[in-house]
Amino acid sequence: MKKNISILSITVFILLLSFISFPAAAGGSKDNGKTAERSREVVVYTYDSFAGEWGPGPELTKKFEIASGYKLTLINCGDGAQILSKAVLEKSDPQADVLIGLDNNLAAKTEKAAVLVPYKPAGADAAIPPELEKALGGTWLLTPYDYSEFALIYDTQSLTPAPKSLEDLTKPEYARKLILMDPRTSTPGLGFAAWTVAVFGSNYPDFWKRLKPSILTMAPGWSAGYGLFTKGEAPLVISYTTSPAYHVEYDKTDRYQALIFTEGHTEQVEGAGIIKNAKNPKGARVFMDYFISNDAQNILPLTQWMYPANKNISLPECYKKAAPHAEKLLRPDSKAVDAAVPIIMDALGN
């Protein structure tokens with residue numbers, strides 16, 4: 001009898017194990033499937049004008065997927081500062097593999113956040129000018145993919161005269177005539193802040209107080225701000241020296257012009273980087289290699305409207321007609337610029 005009870009107990013125990021193991025095995029199969037699927041996908045956090053219909057995102061996705069066999073997923077996070085913030089929030093469990101859209105003014109903040117790992121893409125020495133990588137810190141946490149100088153874009157059909165300096169913007173005739181972007185969320189907004197720090201030095205807070213009446217609005221990002229400008233809401237907007245080339249190419253007009261000031265201009269160098277503990281680091285490296293290649297960089301001039309970082313790319317004719325280079329480049333320290341943002345917002349009463 002004891003023997004029979006023992007055999008029965010063992011049989012019941014084995015049956016119970018089988019019921020427990022089947023769901024576990026099924027769950028493991030699903031997890032393995034998701035892992036395998038994710039290993040063939042590269043997830044990129046970027047900004048609205050890059051990922052949008054008229055940006056380089058759609059064509060870049062198509063070409064990369066054909067060239068690599070990976071699926072590319074671009075996720076719009078708003079603008080550069082918002083991209084970094086999202087990566088910091090997800091630091092313990094990263095959901096993306098690559099960040100696109102962090103620039104030289106965010107370089108120090110990006111390094112401090114410790115969300116990226118260094119990676120020098122294949123072919124970088126032959127494609128990327130050293131000064132562009134140096135602008136991003138020179139550590140290959142960020143790899144340059146485009147650049148341009150910041151400038152005020154002026155609507156020549158307005159009745160407002162063109163300013164000849166940043167100081168001119170504080171004059172009464174420019175009251176509510178200027179569209180800026182918020183430096184806390186937007187890289188062009190931060191770029192304008194950097195420009196004022198470079199030109200006015202320690203006196204930049206006073207400049208911003210004088211500038212306040214001239215600001216129509218501070219948009220959250222470039223797309224919103226530039227859209228207001230092209231709708232005629234104001235005759236001046238902060239953008240890039242390369243922006244008028246778009247209007248020459250597609251609108252067939254030279255109505256919008258980049259103003260070049262003798263006091264000098266700051267520039268933006270945009271970079272991409274691989275996220276620390278990314279779920280698909282191999283795919284991320286493949287993407288970074290591709291992103292600086294001739295195939296990818298040729299997409300940028302007529303979609304991104306910036307100079308491609310790859311020095312081997314030929315520029316279209318509209319750049320020669322309507323994308324003037326600044327005569328003098330100013331390069332303020334990114335740590336000083338980062339420290340200036342709250343002081344600037346305080347000067348504006350925000």
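Look up a bit, the structure's there.
Report follows, based on the coordinates. (Residues numbered from 1 in each chain as written. Predicted model: local features only at pLDDT ≥ 70, side-chain atom pairs only at ≥ 80, totals over all residues. Heavy atoms only, no water.)

## A word on the environment of glycine 271
- With respect to the helices and strands, the residue glycine 271 is situated in strand β10 (residues 265-275).
- Judged by relative accessible area, glycine 271 falls into the buried class, the value being 0%.
- Separated by 168 residues in sequence, glycine 271 and aspartate 103 place their C-alpha atoms 5.6 Å apart.
- In this structure glycine 271 touches Leu99, Ile100, Gly101, Leu102, Leu136, Leu142, Thr143, Pro144 and Tyr145, once residues within four positions along its chain are discounted. (Helix = DSSP H or I, 4+ residues; strand = E, 2+ residues; numbered from the N terminus. Buried < 20%, exposed > 50% of the residue type's maximum accessible area, 1.4 Å probe, protein only. Contact = heavy atoms within 4.5 Å.)

## Focus: the packing of aromatic side chains
- Scanning the model with the defined rule gives 23 aromatic pairs in all.
- Connected via pairs of aromatic rings, a cluster forms that spans Tyr47, Phe50, Phe64, Tyr70, Tyr145, Phe287, Tyr290 and Phe291.
- The ring centre of tyrosine 70 lies 4.1 Å from the NZ or CZ of arginine 40, which sits over that ring. (Phe/Tyr/Trp six-rings, centres within 6.5 Å; stacked < 30°, edge-to-face > 60°. Lys NZ or Arg CZ within 6 Å of the ring centre and 35° of its normal.)

## A closer look at the nonpolar core
- With 54 residues, the main nonpolar core has Val98, Leu99, Ile100 and Phe287 as its most contacted residues.
- The dominant element in this core, judged by the number of residues it contributes, is helix α12 (residues 281-291), at five residues.
- Ignoring sequence-local partners within four residues, the contact set of isoleucine 100 consists of Val44, Tyr45, Thr46, Tyr47, Phe50, Ile83, Tyr145, Gly271, Ala272, Phe287 and Phe291.
- By size, the runner-up hydrophobic cluster in this structure holds 40 residues, among which are Ile153, Leu180, Met181 and Ile238. (Core = buried A, V, L, I, M, F, W, Y, C linked by side-chain atoms within 4.5 Å.)

## A few points about a nonpolar patch on the surface
- On the surface, Tyr246, Tyr250 and Leu302 cluster together into a nonpolar patch covering about 270 Å² of accessible area.
- Within the secondary structure layout, leucine 302 lies in the loop between α13 (294-297) and β11 (307-308).
- The class for leucine 302 is partly exposed, based on a relative accessible area of 30%. (Patch = residues over 30% accessible without salt bridge, like charges linked within 9 Å, V, L, I, M, F, W, Y side chains within 5 Å. Areas by Shrake-Rupley, 256 points an atom, 1.4 Å probe, with all protein chains shown as cover. Salt bridge = Lys/Arg side-chain N within 4 Å of Asp/Glu carboxyl O.)

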